[in-house]
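Inside the fold
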Amino acid sequence: MLITRLKDKEVIESLITTKAFVVNCHGCKEVSFPEEEANELQKELMAAGKLTGIITTDYVCNPDNMKLRLERYAKEIEEADTVLVFSCGIGVQTIAEYMPEKKVCAACDTYPLPGYQGVTPLEHDCDQCGECYLNITGGICPITACSKSLINGQCGGAKEGKCEVDHNMECGWERIYRRLAQVGRLDVLKCPVQVRNFATYKDLSNE
Amino acid sequence: MRITEFFDRGEFVITAEVGPPKGTNIDGLIEEAKEYLSDISAVNVTDNQSSVMRMGSLPVCIALKQAGLNPILQMTCRDRNRMALQSDLLGAAYFGIDNVLSLTGDHTTLGDHPTAKPVFDLDSVSLLYNMVQLENGKDIAGNDLVGEAPKFAKGAVVSPCSDSVDAQIAKMERKIMAGCEFFQTQAVYDSEKFASFMKKIRGMGITTPVQLGIVIPKNAGMCKYMNANVAGISIPDEMIQELAADKEKAKSGETGLAIAARIIRECRPYVQGLHIMAMGWESKVPQLLEMAGLK
């Protein structure tokens, strides 16, 4: 199982430049999604005129399925500067790859729970590390795409774009840099210094 | 002494590095450093360089300090979490070690303990940020330190001839944002590429001092190996041929020193200092400085 938790309201609002399109994933049954909280927040954002549309689907990480559904909302997506994805990290990464020109953001953090983790495509991986970094990396996960799981940028080990650990693997931070350049978001690399938070969902519940 | 003070005085700052041994005896290392490296501004001590386990950087820094040299503590984030890094920084400050070079570190799989757990709890950027917090009397979790806060000259590295130089510059900017006060570069063999890198960063408004990184090329084989395996290094073919042309001259160091001195002369107008990674050729450092017109 895994559990997704909404990021703080202020954080989510700060991700929207002017208008956002929302994708909710009601997932696989292995994900525990904060449906009511998400609905409430989205209603508020809609009332404030900050959303162009909302789609609720399952398995956004299935690209064929997701593509068919999103095609029907082409206009609403076009009107939005941001696509806000309420899902686990894999859903966000799948949509970011599907829309490489668009600013795709994660509205949730994902934590692991014991038990079956569900079936997800092999192209993307979510470590369920809690605090999700996809919003400062253009939707490419620095935890799973970088051998050192670096969150402040590229190390000096990449050669000809390949990782020092695995020469068949592209440097995750090169991909991130390229994606950010493509969507005109290189300014996010000026965000404050990131220090990883290794707190688990259990730690948070005990707070 | 903090090397930032030398930069502030406008001096051309020369440093070289030494690597601790895989063993308990450092008498030879200290003697060599005293003999060949006592005239320069500071001496870097590597930290389990290339992910190969050796004596720690901190004890060797302490021994160099006691021998009258000015050490720079290299710290990688591969082997220690944020608690261990901070306690070593406090220990360094106690012993008067006030120059620290922050590095992420090579991955464990590249070295001689490939099955070890790679840590990377912090990275080169967050370690710099952590040092600033210690200087402000706090640890990285926000707890107060007791007594006088440490003060470090905080350095980092950059790879100017990397094939992903834009991503490197973005990282360089994050290091500066985190508190970096000087840079030492990866080994440079292409003066033109280096000059355009320096012009680019200065044009962007980056004013932090940069020390040109030099690895004296020992022979053609070493160059070919570095070209194939070391990130951010590309040695032009003509240079490799120069080394291969006369094996005796390469062996004695004559050719390598001539090449290194030439690169230093070509790049000197763009930099505020020089960092020599002699890799066992520490005894040739004085000669190199003379040939480069720095002595």
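Notes on the structure in this doc start here. (Residues numbered from 1 in each chain as written. Chains lettered and ligands numbered in written order. Predicted model: local features only at pLDDT ≥ 70, side-chain atom pairs only at ≥ 80, totals over all residues. Heavy atoms only, no water.)

**Regarding the overall build of chain A**
For chain A, the count of helices and strands is 8 helices and 7 strands. Counting only residues that meet the buried cut, chain A has 54% of its 207 residues in that class. Once local pairs closer than 6 in sequence are excluded, the contacts in chain A between residues at least 24 apart make up 67%. Accessible surface, chain A: about 9900 Å² in total, of which carbon and sulfur atoms supply 50%. Positive and negative side-chain charges of chain A, numbering 23 and 31 respectively, have mean locations separated by a distance of 3 Å. (Helix = DSSP H or I, 4+ residues; strand = E, 2+ residues; numbered from the N terminus. Buried < 20%, exposed > 50% of the residue type's maximum accessible area, 1.4 Å probe, protein only. Contact = heavy atoms within 4.5 Å. Areas by Shrake-Rupley, 256 points an atom, 1.4 Å probe, with all protein chains shown as cover. Lys, Arg positive; Asp, Glu negative; His and termini not counted. Charge placed at Lys NZ, Arg CZ, Asp CG, Glu CD.)

**Observations concerning the overall build of chain B**
When you go through chain B residue by residue, the secondary structure sums to 12 helices and 8 strands. On C-alpha atoms alone, chain B measures out to a radius of gyration of 19 Å, which is about the 19 Å that the 2.2 N^0.38 rule sets for 295 residues. Judged by the C-alpha coordinates and their principal axes, chain B covers about 60 × 45 × 45 Å. Within chain B, the fraction of its 295 residues that count as buried is 55%. When contacts within chain B are restricted to residue pairs at least 6 apart in sequence, those whose partners lie at least 24 apart make up 77%. As presented, chain B carries roughly 12200 Å² of accessible surface, and 51% of it is formed by carbon and sulfur atoms. Taking the average place of the 30 positive charges on the side chains of chain B and the average place of its 36 negative ones, the gap between the two points comes to 2 Å. (Rg over C-alpha atoms; globule rule 2.2 N^0.38 Å.)

**A few points about the packing of helix 6 (residues 165–178) of chain B against helix 7 (residues 191–203) of chain B**
All names here are of chain B. Between helix 6 and helix 7, the shortest axis-to-axis distance is 12 Å and the interhelical angle comes to 45°. What the angle tells us is that helix 6 and helix 7 run oblique. The handedness of the crossing between helix 6 and helix 7 comes out as right-handed. Across the interface between the two elements, Val-165, Asp-166, Ile-169 and Met-172 of helix 6 pack against Phe-197, Lys-200 and Ile-201 of helix 7. Grouping the constituent residues of the contact of helix 6 with helix 7 by class yields 5 nonpolar, no polar and 2 charged. (Axes fitted to C-alpha atoms, helices over the stretch in contact; angles between N-to-C directions. Parallel < 35°, antiparallel > 145°, perpendicular 65-115°, else oblique. Left-handed = near helix turned anticlockwise from the far one by under 90°. Nonpolar A, V, L, I, M, F, W, Y, C, P; charged D, E, K, R; others polar.)

**Some details on the interface of chain B and chain A**
Tallying the contact residues gives 33 residues for chain B and 27 residues for chain A. Summed over both partners, the interface of chain B with chain A buries about 2300 Å², with 53% contributed by carbon and sulfur atoms. Seen at the junction of chain B and chain A, the total is 1 salt bridge. In this structure, the salt-bridge partner of Glu-173 of chain B is Lys-190 of chain A, at a minimum N-O distance of 3.8 Å. The set of elements that each furnish at least two residues to the side of chain B that touches chain A consists of helix 5 (124–135), helix 6 and helix 8 (220–229) of chain B. If you tally residues by element for the side of chain B that touches chain A, the top one is helix 6 of chain B, at 9 residues. Within the side of chain B that touches chain A, the residues separate by chemical class into 15 nonpolar, 9 polar and 9 charged. (Buried area = accessible area lost by both parts, 1.4 Å probe. Salt bridge = Lys/Arg side-chain N within 4 Å of Asp/Glu carboxyl O.)

**Observations regarding the sheet that holds strand 4 (residues 51–57) of chain A**
Residue and element names in this part refer to chain A. Read across the open sheet, the 4 strands follow the order 4-2-5-6; overall the sheet is parallel. Of all the strands in the sheet, just strand 4 and strand 6 (103–106) have a single pairing partner and so form its edges. For this sheet, the mean inter-axis angle between neighbouring strands, taken without regard to orientation, is 20°. The sheet contact formed by strand 2 (residues 20–25) and strand 4 spans 6 bridges and is parallel. Note that in strand 4 the partner of Val-23 across the bridge is Ile-55. (Pairing = 2+ DSSP bridges.)

**Some details on the side chain of Gln-194 of chain A**
Tracing the sequence through the fold places Gln-194 of chain A in the loop between helix 7 (172–182) and helix 8 (201–205). At 3.0 Å, the side chain of Gln-194 of chain A forms a polar contact with the backbone oxygen of Pro-192 of chain A. (Polar contact = N/O pair within 3.5 Å; in protein donor to acceptor, adjacent residues only side chain to side chain.)

**Here's the deal with the pattern of salt bridges**
For the structure shown, the criterion picks out 21 salt bridges over all chains. Between Lys-148 of chain A and Glu-164 of chain A there is a salt bridge, with its nearest N and O atoms 2.9 Å apart. Of this pair, Lys-148 of chain A sits in the loop between helix 6 (142–145) and helix 7 while Glu-164 of chain A is found in the loop between helix 6 and helix 7, placing the two residues 16 residues apart along the sequence. Side by side, Lys-148 of chain A and Glu-164 of chain A carry an identical accessibility label, which is buried. One salt bridge in this structure joins Glu-11 of chain B and Arg-9 of chain B, with 2.9 Å as the shortest N-O distance. Judged by its relative accessible area of 33%, Glu-11 of chain B falls in the partly exposed class. Each member of the salt-bridge network shares a partner with another, and the members are Glu-135, Lys-151, Lys-154 and Glu-181 of chain B.

Keep in mind these values describe shape, not function.
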